[in-house]
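Here are the chains, one letter per residue:
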Amino acid sequence: MTTKKAKPPAAKAAKTKDRARTTPPDFYVLAPARPLGKRNRAMPGHDASAIWGGRFGQGPAAVLEQINASIDVDRKLYVQDIAASLAHARMLAQAGILSAPDARALTSGLKQIEGEIGRGRFSFRHALEDIHMNIESRLGEIAGEAAGRLHTARSRNDQVATDFRLWVRDALDALDSQLKGLQAALIKRAERHASALMPGYTHLQAAQPVTLGHHLLAYVEMLGRDRDRARDCRRRLNECPLGSGALAGTSFPIDRNATAAALGFDRPSANSLDAVSDRDFAIEYLATAALVAMHLSRLGEEIVLWSSGHFGFVRLPDSLTTGSSIMPQKRNPDAAELVRAKAGRVFGALMTLLAVMKGLPLAYAKDMQEDKEPVFDAARTLDLCLAATTRMVAEAKFDTDRMKAAAGHGFSTATDLADWLVRVLRLPFRRAHHVAGKLVKRAETRKCGLEDLSLADMRQVEPGITKDVFRILGPGNSVRSRVSLGGTAPANVKRAAAEARRRFLGSHKKA
Ligand code: ARG
């Protein structure tokens with residue numbers, strides 16, 4: 001390597017820059033834009049592209065080269081690109097289109113290149129536009145003329161469609177396992193806090209008491225739907241475009257079933273025009289990612305609220321909070337706030353790709369080169385958000401005493417009182433609702449809870465009330481009574497957590 005990091009722009013460096021060896025950038029960091037200089041002039045000493053330049057007398061203008069090159073982004077596809085090329089070469093040899101020695105030369109050359117890129121010893125060149133041509137050009141240096149035969153019966157259009165599908169497929173698998181990890185962390189906490197009381201909210205106003213376990217298991221359901229969407233997306237994605245050529249198929253006697261099987265696809269795609277121009281799989285991935293990010297943002301928001309002094313329900317460990325440069329007392333939940341915020345970025349990626357694809361005529365158009373950056377960015381963002389959220393869930397300390405105290409505030413058992421009036425006194429629910437409302441008003445005037453009202457006080461509002469009513473007031477009684485399927489009663493929550501283990505984690509640990 002001659003350079004470690006991209007250097008600040010220097011006029012002299014412009015000529016040699018393309019040749020500079022650079023390490024592949026981190027997952028999401030793009031190389032800085034290069035100075036353009038005289039935008040309309042062809043690159044000095046630059047010939048027309050060796051790969052597609054047969055009919056060109058002049059090389060590309062610097063501005064064209066810069067807008068056209070995708071190598072800073074799509075170099076991330078090198079593993080997939082090499083896997084697809086290996087499968088293609090093997091198939092060409094089996095079909096008698098490529099000689100066995102040529103196939104061997106290509107195979108060993110491609111493996112060598114994979115090693116070079118993996119070790120950061122590969123010279124990526126903007127002049128070679130993208131990952132496909134960078135690899136092919138290097139293959140020419142290693143394997144000589146045989147390299148020129150690899151592109152038989154193939155185009156960059158079916159090549160990139162194949163590579164990108166493989167990449168998104170891996171991203172979906174990684175997403176599934178991270179979602180599962182977060183579910184496992186939530187279920188573990190839910191089991192521990194199956195009976196812990198907390199206020200349940202609607203409109204962010206205390207509504208009815210619930211258990212903390214029940215609340216945490218709500219997120220397990222959301223993430224379960226996300227995993228289902230990821231699986232569904234993977235199933236539709238798993239068709240192989242390779243062999244569709246530029247758009248119309250090929251005249252060579254290729255075996256598309258062989259390449260599809262070699263790359264782990266379920267089948268070859270059915271229509272060559274569709275195969276090279278379809279990016280539904282990437283949009284579906286981003287739609288799935290957007291839903292995950294939305295769910296995480298809700299949990300992030302709850303962590304922000306709950307760790308505030310006003311709620312005081314949760315304390316994040318020092319390792320997951322930050323201080324303030326001016327206020328010494330502060331413990332800020334930055335990670336939770338960023339999880340909340342980064343959802344916007346993932347939604348943006350989805351909108352970007354939808355907008356890129358909208359109105360494109362068949363088949364491939366260069367517009368589609370803009371498909372990768374939003375997907376890579378969303379994947380990186382989600383990876384971080386899931387890792388941070390899982391840590392916060394696993395390590396947060398719940399102040400269950402404070403949660404329990406809060407659960408009793410705000411007349412949160414007024415519904416239980418109304419239900420009792422229906423069940424025991426046979427009042428119509430609307431009437432019972434009215435009576436309970438009057439009792440709330442009375443307790444409010446007395447500045448006490450419903451359970452602190454005297455029986456005499458209650459009887460002034462509804463003479464039929466007996467001392468039995470006190471058995472259903474108070475948050476503990478309230479949650480224990482919510483035994484309906486999917487309800488918050490601790491016994492339910494214990495069962496639901498065991499069920500969740502079975503449904504989502506494939507284990508049978510007793511609750
Ligand atoms: N870098 C291109 C992309 O990502 C590869 C396909 C180029 N095809 C073409 N006909 N120029 O879309």
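Here is what the cut-offs are and how they apply
Residues numbered from 1 in each chain as written. Predicted model: local features only at pLDDT ≥ 70, side-chain atom pairs only at ≥ 80, totals over all residues. Heavy atoms only, no water. Pairing = 2+ DSSP bridges. Helix = DSSP H or I, 4+ residues; strand = E, 2+ residues; numbered from the N terminus. Near = heavy atom within 4 Å. Polar contact = N/O pair within 3.5 Å; in protein donor to acceptor, adjacent residues only side chain to side chain. Areas by Shrake-Rupley, 256 points an atom, 1.4 Å probe, with all protein chains shown as cover. Core = buried A, V, L, I, M, F, W, Y, C linked by side-chain atoms within 4.5 Å. Buried < 20%, exposed > 50% of the residue type's maximum accessible area, 1.4 Å probe, protein only. Contact = heavy atoms within 4.5 Å. Expected span 1.5 Å × (residues − 1). Arc of directions from axis to C-beta. pLDDT = per-residue confidence, 0-100. Salt bridge = Lys/Arg side-chain N within 4 Å of Asp/Glu carboxyl O.

Colleague: Mind showing me how you'd approach the pairing of strand S1 (residues 197–202) here?
Modeller: Within a regular strand, the side chains alternate between the two sheet faces. Relative to strand S2 (residues 205–211), S1 runs antiparallel, the two being bridged by 6 bridges. Paired with proline 199 across the strands is proline 209, a residue of S2.

Colleague: Just to check I follow, could you spell out the site of the ligand for this structure?
Modeller: Residues in close proximity to the ligand include Ser70, Asp74, Asp130, His132, Arg156, Asn157, Val160, Tyr364, Gln369 and Lys372, which together make up its full environment. Serine 70 is positioned with one of its side-chain polar atoms (N or O) 3.5 Å from a nitrogen atom of the ligand. Within the complex, the protein chains bury 86% of what would otherwise be the 350 Å² of accessible surface of the ligand.

Colleague: Looking at this structure, I do not really get the nonpolar core. What am I missing?
Modeller: Nonpolar side chains tend to gather and get buried jointly when the protein is soluble and globular. Grouped together as the largest cluster of nonpolar side chains are 98 residues, with contacts concentrated most on Val168, Tyr285, Trp306 and Val375. When residues no more than four places from it in sequence are discounted, the contact partners of valine 168 are Leu237, Phe281, Tyr285 and Val375. Judged by nonpolar contacts, the second largest core, of 21 residues, contains Leu427, Val440, Val469 and Ile472.

Colleague: Sorry, what's going on with the environment of arginine 192 here?
Modeller: Among the structural elements, arginine 192 can be located in helix H7 (residues 156–192). Arginine 192 sits 302 residues away from lysine 494 along the chain, and the two C-alpha atoms are 9.2 Å apart.

Colleague: I keep staring at helix H16 (residues 429–446) and nothing clicks. Help me out?
Modeller: An α-helical turn contains 3.6 residues, so a residue and the one three or four places further along point in the same direction. Between its first and last C-alpha, H16 extends 25 Å over 18 residues, near the 26 Å set by a 1.5 Å rise per residue. Within the sequence span of H16, burial applies to Ala432, Val435, Ala436, Leu439, Val440 and Ala443. End-on, the buried residues of H16 take up no more than an arc of 145°, which puts them together on one face. Summarising the geometry of H16, the exposed residues directed more than 90 degrees from the buried face are Arg430, Lys441, Glu444 and Thr445.

Colleague: For this particular structure, what's the right way to read the side chain of arginine 482?
Modeller: On the secondary structure map, arginine 482 appears in the loop between helix H18 (475–481) and helix H19 (490–505). Side-chain polar atoms of arginine 482 contact the side chain of aspartate 416, separated by 3.3 Å. When residues no more than four places from it in sequence are discounted, the contact partners of arginine 482 are Gln208, Thr415, Asp416, Asp419, Gly487, Thr488, Ala489 and Asn492.

Colleague: Can you walk me through the side chain of glutamine 369 in this structure?
Modeller: By the secondary structure assignment, glutamine 369 is in the loop between helix H12 (334–357) and helix H13 (372–395). A polar side-chain atom of glutamine 369 sits 2.9 Å from the main-chain carbonyl oxygen of asparagine 68. Setting aside residues no more than four positions away along its own chain, glutamine 369 makes contact with Ile67, Asn68, Ala69, Ser70 and Tyr364.

Colleague: What am I meant to see in the confidence of the model for the protein here?
Modeller: Note: predicted coordinates in regions of low pLDDT should not be interpreted at a detailed level. Averaged over every residue, the pLDDT of the protein is 90; residues scoring 70 or more account for 90%. Scored below 50 in pLDDT, residues 1–33 makes 53 contacts in the model with residues more than four places away or belonging to other chains. Predicted confidence for residues 39–46 stays below pLDDT 50, and this span has 18 contacts to residues more than four positions away or in other chains.

Colleague: Explanation requested: the pattern of salt bridges in the structure shown.
Modeller: If charged atoms from side chains of opposite charge come close, those side chains can pair. Scanning the model with the defined rule gives 32 salt bridges in all. Close ionic contact of glutamate 191 with arginine 501 constitutes a salt bridge, the shortest N to O distance being 2.7 Å. With a gap of 310 residues between them, glutamate 191 in helix H7 and arginine 501 in helix H19 connect regions that are remote in the sequence. Comparing glutamate 191 with arginine 501 shows no difference in burial state: the two are buried. In this structure, a network of salt bridges that share partners links the residues Glu129, Asp130, Arg156 and Lys366.

Colleague: Looking at this model, I keep getting lost on unusual backbone geometry. Mind explaining?
Modeller: Peptide bonds are mostly trans, and most non-glycine residues show a negative phi. Omega for the peptide link from leucine 362 to alanine 363 comes to -5°, which places this bond in the cis form. One can find alanine 363 in the loop between H12 and H13. The phi angle at leucine 204 is positive, at roughly 55°, despite the residue not being glycine. Among the structural elements, leucine 204 can be located in the loop between S1 and S2.

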